Protein chains: 2
Amino acid sequence: RAMQYSIREATSEDCKDIARMIMELASYEKMSDQVKITQEVLETDGFSNHPFFKCLIAEVPEEHKSKEGHSKVGYALYFYTYSTWKGRAVYMEDLYVMPEYRVAGKGLGCALMRRVAQEGKVAGCSQLNFALLDWNTGSRDFYVSQGCWDITDSLGYHFMRCEGSAFELLAQG
Amino acid sequence: RAMQYSIREATSEDCKDIARMIMELASYEKMSDQVKITQEVLETDGFSNHPFFKCLIAEVPEEHKSKEGHSKVGYALYFYTYSTWKGRAVYMEDLYVMPEYRVAGKGLGCALMRRVAQEGKVAGCSQLNFALLDWNTGSRDFYVSQGCWDITDSLGYHFMRCEGSAFELLAQG
């Protein structure tokens with residue numbers, strides 16, 4: 001049967017479910033010990049005067065809610081970035097659909113990702129970027145089928161990070 | 001002798017020099033055919049009501065201007081991003097200093113990068129991220145000496161991109 005769902009912009013009231021799903025995604029990526037974010041932080045960072053991100057929610061009707069009673073069953077969190085070669089870009093930080101609502105190669109995940117691309121296009125972006133963990137070959141095949149390509153491999157990009165005490169030290173200048 | 005310079009926030013009037021230095025950096029990276037950005041686009045994208053980036057300019061006094069007569073000799077272009085694990089982050093898209101103003105391991109490049117980290121810290125960020133081309137081992141050593149580490153290698157991240165006709169197709173939904 002076709003899955004019934006809607007996709008809409010998140011509001012501050014969704015932050016409890018976003019926080020729950022961020023934790024579910026991190027568990028899937030075997031990284032849940034890395035998550036420092038909370039519902040309260042999401043409310044401040046995403047829904048105050050100067051939001052640091054935007055979020056889309058996939059919702060199913062009450063009669064299709066999950067075993068645990070959730071009707072918010074997927075999300076895409078994104079923000080705008082900038083390429084000094086190509087201008088405005090949209091970066092999809094997270095794309096997640098609860099396992100029992102996944103349909104291979106289509107369905108909610110695909111719809112969420114397309115909606116991120118649409119929002120980006122309306123904002124004048126010419127590209128969508130995101131990251132993938134290298135063991136996640138199943139998702140990789142899906143993304144490649146959508147026309148995405150690996151800039152780490154093909155362009156030889158390496159992404160660097162400075163955080164914790166090194167970041168503090170750098171900022172002391 | 002110690003290099004005299006100042007670092008300040010860019011204004012719309014700096015876009016001609018930013019565009020020039022973006023092209024110089026792309027030439028150094030052997031990628032100048034990829035640059036589609038212009039002075040006019042930078043003015044719109046960086047200095048209107050909803051800026052897509054922020055920029056710092058390194059400037060030297062008139063008496064130390066370059067052979068070609070430039071006193072704006074370096075820039076760092078950055079924006080804020082969001083990690084669903086760790087919250088607010090700052091992303092340094094470009095860091096560039098004109099060759100005749102480079103001093104190994106310190107000087108303008110280091111000062112620009114520290115200032116980006118400072119701005120990030122003030123904005124509540126806990127990390128600084130950026131990308132590096134894999135043949136650029138000289139810069140890599142500098143960044144590692146500043147406490148940065150390679151998340152592509154160590155965490156197995158791959159960065160994916162969707163652009164051009166694939167992006168258009170995706171956005172059509």
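These lines cover the structure that appears in this document, whether it is placed above or below. Here the structure is a predicted model, which is why all the values come from computation and not from measurement.

Remarks on the interface of chain B and chain A
- Opposite the 75 residues of chain B that make contact, chain A presents 75 residues.
- Of the roughly 7300 Å² buried between chain B and chain A, counting both surfaces, carbon and sulfur atoms make up 59%.
- Taken together, the links from chain B to chain A amount to 6 salt bridges.
- In this structure, the salt-bridge partner of Lys 86 of chain B is Glu 163 of chain A, at a minimum N-O distance of 3.2 Å.
- Taken together, the connections running from chain B to chain A amount to 44 residue pairs in polar contact (both at pLDDT 80 or more).
- Of the residues belonging to the side of chain B that touches chain A, the class tally is 40 nonpolar, 19 polar and 16 charged.
- As defined by bridge partners, strand S6 (residues 149-150) of chain A adjoins strand S9 (residues 157-163) of chain B across 2 bridges and the pair is classed as antiparallel. The residue bridging Trp 149 of chain A from the neighbouring strand is Arg 161 of chain B, located in S9 of chain B.

A closer look at the pattern of salt bridges
Residues and elements named next belong to chain B.
- Counted according to the given criterion, the structure contains 28 salt bridges over all chains.
- The partner of Lys 72 in a salt bridge is Asp 17, and the shortest N-O contact between them spans 3.7 Å. Of this pair, Lys 72 sits in strand S3 (residues 72-83) while Asp 17 sits in helix H1 (residues 15-28), placing them 55 residues apart in sequence.
- A relative accessible area of 15% means that Lys 72 is categorised as buried.
- Residue Asp 17 is classed as buried on the basis of its relative accessible area, which comes to 15%.
- Taking the shortest distance from any N to any O, the salt bridge between Asp 153 and Arg 140 comes out at 3.7 Å. Of this pair, Asp 153 sits in helix H5 (residues 151-155) while Arg 140 sits in helix H4 (residues 137-145); the two residues are 13 residues apart in sequence, bridging distant segments of the chain.

What to know about the sheet that holds strand S4 (residues 87-97) of chain A
- Spatially, 7 strands are ordered S1(A)-S2(A)-S3(A)-S4(A)-S5(A)-S9(B)-S6(A) in an open sheet, and the strand pairing comes out mixed. Edge positions in the open sheet fall to strand S1 (6-9) and S6 of chain A, since each of these has one partner strand only.
- Relative to strand S3 (residues 72-83) of chain A, strand S2 (residues 54-59) of chain A is paired through 6 bridges, and the arrangement is antiparallel. Paired with Leu 56 of chain A across the strands is Ala 76 of chain A, a residue of S3 of chain A.
- Along the sheet, helix H4 (residues 137-145) of chain A contacts S4, strand S5 (127-133) and S6 of chain A together with S9 of chain B; its crossing angle with S5 of chain A, the most-contacted strand, is approximately 165 degrees.

Here is what the cut-offs are and how they apply
Residues numbered from 1 in each chain as written. Chains lettered and ligands numbered in written order. Predicted model: local features only at pLDDT ≥ 70, side-chain atom pairs only at ≥ 80, totals over all residues. Heavy atoms only, no water. Contact = heavy atoms within 4.5 Å. Buried area = accessible area lost by both parts, 1.4 Å probe. Salt bridge = Lys/Arg side-chain N within 4 Å of Asp/Glu carboxyl O. Polar contact = N/O pair within 3.5 Å; in protein donor to acceptor, adjacent residues only side chain to side chain. Nonpolar A, V, L, I, M, F, W, Y, C, P; charged D, E, K, R; others polar. Pairing = 2+ DSSP bridges. Helix = DSSP H or I, 4+ residues; strand = E, 2+ residues; numbered from the N terminus. Buried < 20%, exposed > 50% of the residue type's maximum accessible area, 1.4 Å probe, protein only. Axes fitted to C-alpha atoms, helices over the stretch in contact; angles between N-to-C directions.

Nothing here speaks to function; it is all geometry.
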